[in-house]
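Fold and geometry: a report
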Amino acid sequence: MRIIGHDTVRDLLAGRERELIELVADAYRRHDEGLSALPHSVFLRFPEQPRDRIIGLPGFLGGEGGHDAVAGIKWIASFPGNIDHGIARASASIILNSLADGRPEAFLEGSLISAKRTAASAALGARLLAGDRTPTGVTLIGCGVINAEILRFLAADNPKLASVTVFDTDPRRAEAFAAGCAEIAPDAAVTAAAGLAEAVGAHDLVSIATTAATPHMDLAATRPGAVVLHISLRDLTVPAILASHNVVDDVDHALRERTSLHLAEQETGHRDFVDASVGALLRGTATLRPEPGRPLVYSPFGLGVLDLALARYVRDEAARRGLGTAVDDFLPAPAHHVEEQR
């Protein structure tokens, strides 16, 4: 068993934004080809703590002839109240299992992997939905770790990004976040918006990453044809979803657990408002033909195979460089060794 902690994960992923976007794109293609096994995520909730949850995302991602195949699970906790105590909202761990004998072979700190795969997926979605347009600005709604990483990946993928507008319900957090954004994208002008409508209408590209549990906003103030990265999944009202073009990572996963899209399905009784999946767009098996002026909304549920793809990369790099901690006695000795000891 190789145990890989946060600092090692951070160092191995630093500056790899474009490479990670391509890893995520490859995982989406494989998933769309049927080269994956992806059970529904398991949500552990607490009766006396309705805001808190822990999610288990098991999965398998295969490849041609077994190349780069990986299996495992991410176990990620979201406790929004942590922010008030000066610690991160989310914490995570990832276990990778051997495909030869099923034994666990790597244990990784997963919060950074989770944030970066989310950001890589967002940057990929922005690229696909924008088509031949190149956004020069982005609005970030929700001033936390995820939108900071999304900005990092957007800036790496789009050198023309020159303007950033941020908004949060806590103005002090927004101001502090704006200062951090200036460090992530030093060539971009960063401003904090006074209100949500002002923020939403500031740019052709909008990223929403909040802790909202129920829909609270529409897209009336967006620019015509704006690309909206609906990362937190529960912000947009049903009318906003139905008035938009919608792209998801996986229909069955995205339309559950009372996401905005799930609520839209419950209200309409169908899923016809979903235009395509990102994997189908990448493989060319689906085409997005947006109506002029209509928003394009990308709502990725967050597939466990993305975490596994990045965790595999970290595991392999750590092993190649001799990083992490190898624990030789983590598992029981093979039976023949036990017999020999007797």
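Our subject is the structure that appears above.
Source: prediction; values computed, not measured.

**Brief notes about the sheet that holds strand S13 (residues 245-248)**
The eight strands are arranged S10-S9-S8-S11-S12-S15-S13-S14 in an open sheet whose pairing can be described as parallel. In the strand order of this sheet, the two ends are held by strand S10 (189-192) and strand S14 (274-277), each with one partner. Strand-to-strand twist in this sheet, taken as the mean axis angle between neighbours without regard to direction, amounts to 20°. Relative to strand S9 (residues 163-167), strand S8 (residues 137-141) is paired through five bridges, and the arrangement is parallel. Its bridge partner lying in S9, Leu140 is registered against Val166.

**Observations concerning helix H9 (residues 260-268)**
Along an α-helix, a turn takes 3.6 residues, which lines up residues three or four apart on a common side. For H9, every residue scored as buried is listed here: Ser260, Leu261, His262, Leu263, Ala264 and Glu265. Residues of H9 that are buried in the fold lie against strand S12 (227-230), helix H7 (238-242), S13, helix H8 (251-254), S14 and strand S15 (296-299). Phi turns positive one or two residues past the end of H9, at Gly269, with a value near 80°.

**Side note on the packing of aromatic side chains**
Using the criterion set out here, one finds two aromatic pairs in the structure. Centroid distance Phe43 to Phe301: 6.4 Å. Interplanar angle 55°. Geometry classified as tilted. Placement of the pair is Phe43 in strand S3 (residues 42-46) and Phe301 in the loop between S15 and helix H11 (304-321), with a sequence separation of 258 residues. Accessibility classification places Phe43 together with Phe301 in one group, the buried group.

**Digging into the packing of helix H1 (residues 6-13) against H11**
Contact pair H1 / H11: the axes reach a minimum separation of 10 Å and the direction vectors enclose 95°. Considering their axes alone, H1 and H11 lie roughly perpendicular with respect to each other. Only Tyr313, Val314, Glu317, Ala318 and Arg321 of H11 make contact with H1, whose side of the interface consists of Val9, Leu12 and Leu13. Of the residues assigned to the contact of H1 with H11, the class counts are six nonpolar, no polar and two charged.

**As for the side chain of Asp249**
Tracing the backbone through its elements, the reader meets Asp249 in the loop between S13 and H8. Among the polar contacts made by the side chain of Asp249, one reaches the main-chain amide nitrogen of Phe301 at a distance of 2.9 Å. A distance of 2.9 Å separates a polar atom in the side chain of Asp249 from the backbone nitrogen of Gly302. When sequence neighbours within four positions are dropped, the list of residues in contact with Asp249 reads Tyr28, His31, Ala254, Ser277, Val278, Tyr298, Ser299, Pro300, Phe301, Gly302 and Leu303.

Parameters and conventions
- Residues numbered from 1 in each chain as written.
- Predicted model: local features only at pLDDT ≥ 70, side-chain atom pairs only at ≥ 80, totals over all residues.
- Heavy atoms only, no water.
- Pairing = 2+ DSSP bridges.
- Helix = DSSP H or I, 4+ residues; strand = E, 2+ residues; numbered from the N terminus.
- Axes fitted to C-alpha atoms, helices over the stretch in contact; angles between N-to-C directions.
- Buried < 20%, exposed > 50% of the residue type's maximum accessible area, 1.4 Å probe, protein only.
- Contact = heavy atoms within 4.5 Å.
- Phe/Tyr/Trp six-rings, centres within 6.5 Å; stacked < 30°, edge-to-face > 60°.
- Parallel < 35°, antiparallel > 145°, perpendicular 65-115°, else oblique.
- Nonpolar A, V, L, I, M, F, W, Y, C, P; charged D, E, K, R; others polar.
- Polar contact = N/O pair within 3.5 Å; in protein donor to acceptor, adjacent residues only side chain to side chain.

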